[in-house]
Amino acid sequence: MSKINFIKIEEKILDFWKQKKIFTKLRKKNAGGKAWSFLDGPITANNPMGVHHAWGRTYKDIFQRYKAMNGYDQRYQNGFDCQGLWVEVEVEKDKGFKTKKDIETYGIEKFVNDCKQRVTKYSDIQTQQSIRLGQWMDWDNSYYTMSDENNYAIWNFLKKCKDKQILYKGKDVVPWCIRCGTAISQHEILTEEYKEVSHKSIFFKLPIKGSPNTFFMAWTTTPWTLPANVALAVHPELNYVKIQDRKDNNIYVLLESKSELVVNGKIIDKFVGEKLIGMEYEGMFDNMKEPSQQLKSYKHSVISWDEVTEEEGTGIVHIAPGCGQEDFQLSKEFNIPVIDPTNKQGKYKQGFDFLTDRFVTEVNEVIFDDLTKRGFVFDIKDYQHRYPTCWRCKSELIFRLVDEWYISMKKLRKPLAKAVKKIKWLPKYGLDRELDWLKNMSDWLISKKRYWGLALPIYECTKCKKFEVIGSKQELQDRAIEGWVDFSGHSPHRPWVDKVKIKCSKCDNKISRILDVGNPWLDAGIVPFSTIKYYSDKKYWEKWFPPHLVCESFPGQFKNWFYSLIVMSVVLEDCPPVETIFGYALVKDEHGEEMHKSAGNAIWFDDAVTKTGVDAMRWLYFSSNPFNNLYFGFNNIQKSQNKLLVLWNIFVFYKTHGSKIIKAQPMGNVLDKWIISKLNNLILKTTSGLDEYNTSFVAEEIAKFLIKDFSRWYLRMSRNRFRDLSNQADNQQANYTLYFVLLNLIKLLAPITPFLAEEIYLSIKQDNDVESVHLFSWPKADQQAISKDMEDKMSLVREICEIGHSIRVKAGIKVRQPLSCVAIKSSKMTAELENLIKKELNVKKVDWVKKIPKSKDWVMVDDSDILMALNIKLTAELEEEGIIREVVRQVNSLRKKNKLTINDTIEIYYETTSQRIKEVIKKNLGTLKKNTISSSILDRKISNDFSQKQIKINNQVVVLAINV
């Protein structure tokens, strides 16, 4: 294969696009055409891009380039996600901050400005990386979710939620990150954020009131929640037992299927769980020195819960409503107390005796020691399980009772489902996944106790408890009674917006904005409105809404960005936010492992580019099934490069053998007609595939055409037509066909591998052609040029040849050795197709027979539907021809090794002891000279000065040498 430096080509083409303003010319060409609206899911401007970012951005670029070649006018607006915990945590790392207190000591204003600066820095870096990827966007018009426009648009949305009575302040138990000091919504905890961890689990025993020496045996992996225990839960229909421990005579109540936990136990009673409901027990921490007021007179008892399972634990579940989401819901159902043990720092509050002011993550051993001394411990074991972690800082989460702000799903669930069903989901299972999420999700927690983010425009009166939502900057100015001057001129962020006070519309009390910031998915969910001028130019918005396509990674976004898009669109316009959602999977390393910087297997975009270039990466991304995880590694990139090298070698062949194309020639050769038919079929398949966003199908069809049809069959079978100038008409037709197919092939590849397509085009473009391959219109299939009959017959020819080659292998006869005849049990073909069989199988004659000959001279295969056989008997004439072919091949391999061209004439020297080979060479000097471009062929002693090689022909040693 010819050598190619992808990186140098790409750098050259980037400069060409920039200097010639090709993207600008493309937009001008399509301006005023039919609109195709793409909505970019914003990349977080927080770090340089990794190769996982490049997968999605490649899809986005390919689809937009394809639509552009089809004449569509587009907005080309890139987006940057700017606000939220992800940025805050990185700034904290840079500053060495450990807690939120460090931020407040440093100063909220300085911290927020640092966050803004980080976003600006990395959005610039990501822009340059995206340009290097080949992505064409209107970079000067990128949207930023931290913009005033975006933030005020969300204010309007939240006011609509208030008007619709779906925004509320609620108390709930939620995942809480101690390190970040904020709630983590249900939507933010992805499957990937559950990590395999080992915790100390405790089997503990609780005395049953009125039953001496009898205990409920319960279990937990979170011992810190035990001081908040108020109840136990059992399944009313599962089988439980009383089992007596022969060692200490204690009696334990637990699931029958878990009775093996009591090693020396004897079952003395069996019953269903319903019998246990209402039974009381003694709490573990009721006698603390500083007992919670709620527990002083409370009677602990057993409740019924259908979610109790036999999978883990004992079948008797410890219920702590202040420390678990399901527990909290049970507290409402059974009207049981809620003990809230933790503060926002993750420490025990006052009232928890020796645990007060300790971090809940650091008390396991203290609790174990205390419970052991007081006789509540049955066993303590290590337990491996999946546990949720913070999606940003990766710390283990706890669950705690908090006051937060929510958007209720009760009224929205049905209209959301209706909107979801109107969207085309790729993959198709995305619809079911989204509907399932909408059916089972809790209310949307939208508040965070942080600093850099959407300032929730909620003003809560401390006097009358009424809350109000401000819907715009103008409304805030109109309502402001204090602080407007201090705020004016600043973005609507903390701490500036916090200075503005308004008057309570109910009691006239001066009230402040709550200090919470918003869930970052509000920022991204509003972009179909904020970025398309919903509030400033409705006519413009109606032209581009709803977008035809959004394209993002599916695993997380079905309950984050896709979800927030749908919610905000339904609230504002009662319609779906997009026509098609294209979701793709995850990028992992080539061994299928998740990429992590800490594991050393993460690959940054810049590192990959400097090693492989981007076109090979783009082909890997495009050809992978988007609905399966992509295994990214340099071995896989090499495979992509190899496919592109096939295209490059075809181009090199054209440049070497092709002549300047002036006009189309009348097509006569069957190979030309066939490849043109295949090309037009490829255009049809590629067009329909890209219309349906079926990328891997398109890649497969292009690769099949490029490698199997164009390179391995058409060019190989036509090679002599390009070299033989004696038939000028056929030579010209072959040249034109090669040019025509190559040109249309790079048009099809232009959206996918834009650099290589451009490089080839600039080398083959004819006078008066467009300036760039990307300024062409998308190829249109010529239906008249498609012949299914011809394609089927050529397919049969290729199958016959494949079988014939297998027979040669079976007989141990090389293809270069001519044979007399192939016999085929099939209908007779045209002379042209028959000649292809003769040429490919190197036989003198094709016999179309009713019965395959059977003798020692004939070899056939039995495992094919096509019955055929080769006559392997070699005559002297056939043997002679085989010798000449072998000499020609070996001499030409020496020419290639020495990088000689068709303009270089050589001298050939040979040595051999075989008189037969010497006779054959001398007899065929003319043929040898013509096919090796040589002036003389001499039998002589070969010195070491010449380029030479030793070969075997018919088991006879021959030394060949050439000299220019």
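Residues numbered from 1 in each chain as written. Predicted model: local features only at pLDDT ≥ 70, side-chain atom pairs only at ≥ 80, totals over all residues. Heavy atoms only, no water.

Novice: Just to check I follow, could you spell out the overall build of the chain for this structure?
Specialist: In terms of regular secondary structure, the chain is built from 30 helices and 38 strands. Relative to the 2.2 N^0.38 estimate, which gives 30 Å for 964 residues, the radius of gyration of the chain is 38 Å and therefore markedly larger than a compact globule would have. In terms of principal-axis extent, the alpha carbons of the chain reach across some 115 × 80 × 55 Å. Residue burial in the chain is summarised as follows: out of 964 residues, 57% are buried. Of the contacts made within the chain by residues no fewer than 6 positions apart, 76% connect residues no fewer than 24 positions apart. Split by element, the accessible area of the chain, about 42600 Å² in all, is 47% carbon and sulfur. The average position of the 146 basic charges and that of the 122 acidic charges among the side chains of the chain differ by 5 Å. (Helix = DSSP H or I, 4+ residues; strand = E, 2+ residues; numbered from the N terminus. Rg over C-alpha atoms; globule rule 2.2 N^0.38 Å. Buried < 20%, exposed > 50% of the residue type's maximum accessible area, 1.4 Å probe, protein only. Contact = heavy atoms within 4.5 Å. Areas by Shrake-Rupley, 256 points an atom, 1.4 Å probe, with all protein chains shown as cover. Lys, Arg positive; Asp, Glu negative; His and termini not counted. Charge placed at Lys NZ, Arg CZ, Asp CG, Glu CD.)

Novice: I keep staring at the sheet that holds strand β32 (residues 843-848) and nothing clicks. Help me out?
Specialist: As a general point, the strands of a sheet are linked pairwise by backbone hydrogen bonds and lie either parallel or antiparallel. Spatially, four strands are ordered β32-β31-β34-β33 in an open sheet, and the strand pairing comes out mixed. At either end of the open sheet lies a strand with only one pairing partner, and these are β32 and β33 (858-860). Pairwise comparison of adjacent strand axes, ignoring direction, gives a mean angle of 25° for this sheet. As judged from the five bridges shared by strand β31 (residues 819-824) and β32, these two strands associate in the parallel manner. Each residue of the ladder has a partner; that of Ala823, found in β32, is Asp847. Its contacts with the sheet place helix α26 (residues 788-811) against β31, β33 and β34 (868-871), and it is angled at close to 50° to β34. (Pairing = 2+ DSSP bridges. Axes fitted to C-alpha atoms, helices over the stretch in contact; angles between N-to-C directions.)

Novice: For this particular structure, what's the right way to read a negative patch on the surface?
Specialist: A contiguous patch of negative charge, built from Glu237, Glu274, Asp306, Glu307, Glu326 and Glu333, is present on the exposed surface. Note on placement: Glu274 falls in the loop between β12 (265-272) and β13 (280-281). Its relative accessible area of 54% is what places Glu274 among the exposed residues. (Patch = residues over 30% accessible without salt bridge, like charges linked within 9 Å, V, L, I, M, F, W, Y side chains within 5 Å. Salt bridge = Lys/Arg side-chain N within 4 Å of Asp/Glu carboxyl O.)

Novice: Before we go on, may I ask you to explain the packing of aromatic side chains in this structure?
Specialist: Working definition: an aromatic ring pair is given by the centre-to-centre distance plus the angle between the planes. According to the stated counting rule, one finds 55 aromatic pairs in the structure shown. Aromatic side chains Trp55 and Tyr584 sit 5.2 Å apart centroid to centroid with 55° between the ring planes, which places their arrangement in the tilted category. Of the two residues, Trp55 sits in helix α3 (residues 51-69) while Tyr584 sits in strand β28 (residues 580-584), which places them 529 residues apart along the sequence. Seen from their ring centres, Tyr59 and Phe582 are 5.0 Å apart, and the 70° between their planes marks the pair as edge-to-face. Pair noted here: Tyr59 is in helix α3 and Phe582 is in strand β28, with a separation of 523 residues, a long-range link. Judged by its relative accessible area of 0%, Phe582 falls in the buried class. Joined through ring pairs, the aromatic side chains of Trp425, Tyr429, Trp437, Trp444, Phe554, Phe558, Trp561, Phe562 and Tyr563 make up one cluster. Note that Arg65 overlies the ring of Trp136, its terminal NZ or CZ placed 3.8 Å from the centroid. (Phe/Tyr/Trp six-rings, centres within 6.5 Å; stacked < 30°, edge-to-face > 60°. Lys NZ or Arg CZ within 6 Å of the ring centre and 35° of its normal.)

Novice: Just to check I follow, could you spell out the environment of Val770 for this structure?
Specialist: Within the secondary structure, Val770 is located in the loop between α25 (754-764) and α26. Residue Val770 is classed as partly exposed on the basis of its relative accessible area, which comes to 29%. Those residues within four positions of Val770 in sequence are excluded, and the remaining contacts are Tyr761, Lys765, Leu775 and Phe776.

Novice: How do you make sense of the state of the cysteines when you look at a structure like this?
Specialist: By definition, a disulfide links the sulfur atoms of two cysteines through a covalent bond. Evaluation of the coordinates by the stated rule reveals zero disulfides. For the unlinked cysteine Cys82, the closest cysteine sulfur is that of Cys115, found at 11 Å. A disulfide-free cysteine, Cys323 has its sulfur positioned 17 Å from the sulfur of Cys177, the nearest such atom. According to the relative accessible area criterion, Cys323 is buried, its value standing at 9%. (Disulfide = S-S within 2.5 Å.)

Novice: What's the story with the sheet that holds strand β35 (residues 906-912) in this structure? I'm lost.
Specialist: Ordered by their spatial adjacency, four strands build an open sheet running β36-β35-β38-β37, and the pairing between neighbours is mixed. Of all strands in the sheet, those with a lone pairing partner are β36 (934-939) and β37 (947-953), marking the two edges. The sheet shows a mean angle of 20° between the axes of neighbouring strands, direction not considered. In this fold helix α28 (residues 876-897) packs onto β35, β37 and β38 (956-963), with an angle of close to 155° to the strand it touches most, β37. On the sheet, helix α29 (residues 915-923) packs against β35, β36, β37 and β38 and is oriented at approximately 155° with respect to β35.

Novice: Just checking my understanding: could you explain the layout of surface pockets for this structure?
Specialist: Rolled over the atoms, a probe as big as a water molecule pinpoints where empty space is left. Each pocket or cavity is described by its volume, and for the largest pocket that value is around 2800 Å³. Taken together, 48 residues form the lining of the largest pocket, with His657, Arg719, Asn720, Arg723 and Asn892 sitting closest to its centre. Breaking the lining of the largest pocket down by element, the ones donating at least two residues are α21 (634-657), α23 (695-723), α27 (831-841), α28 and α30 (925-932). The element best represented in the lining of the largest pocket is α28, accounting for eleven residues. Split by residue class, the lining of the largest pocket holds 15 nonpolar, 14 polar and 19 charged. (1 Å grid on protein atoms, 1.4 Å probe; cavity = no way out; pocket = protein on both sides within 12 Å on 5 of 7 lines; lining within 4 Å. Points joined across faces, edges and corners; volume = space filled by probe spheres on them. Nonpolar A, V, L, I, M, F, W, Y, C, P; charged D, E, K, R; others polar.)

Novice: Whenever I open this one, the nonpolar core confuses me. Can you help?
Specialist: Burial of nonpolar side chains together is a common tendency in soluble globular proteins. Phe157, Ile407, Leu476, Met617, Phe632, Ile746 and Ile837 are the most contacted members of the largest nonpolar core, which has 217 residues in total. Looking at which element gives the most residues to this core, the answer is α23, with 13 residues. Setting aside residues up to four positions removed in sequence, Ile837 forms contacts with Val797, Ile800, Cys801, Val822, Ile824, Met829, Asn842, Val843, Val846 and Trp848. Of all hydrophobic cores here, the second largest spans 53 residues; its members include Ala228, Tyr240, Trp305 and Ile336. (Core = buried A, V, L, I, M, F, W, Y, C linked by side-chain atoms within 4.5 Å.)

Novice: I tried to follow the pairing of strand β9 (residues 231-234) on my own but got confused; where do I start?
Specialist: Along a regular strand, successive side chains alternate from one face of the sheet to the other. Residues Ala231 and Ala233 line one face of β9 and the alternating positions Leu232 and Val234 line the opposite face, and both faces are buried. Where β9 meets strand β14 (residues 300-304), four bridges bridge the pair, whose relative direction is parallel. Residue pairing for β14: Val234 is matched across the bridge by Ser304. By the bridge criterion, three bridges tie β9 to strand β15 (residues 317-319) in an arrangement that is antiparallel. Among the inter-strand pairings, Ala233 is bridged to a residue of β15, identified as Val317.

Novice: Explain α3 to me, please; I cannot follow it from the model alone.
Specialist: One full turn of an α-helix is made of 3.6 residues, so residues set three or four places apart face in the same direction. Between the first and last C-alpha of α3 there are 27 Å, a value that for 19 residues agrees with the 27 Å anticipated at 1.5 Å per step. A large share of α3 lies buried, amounting to 17 of its 19 residues. (Expected span 1.5 Å × (residues − 1).)

Remember that the coordinates give geometry; whether it matters functionally is a separate question.
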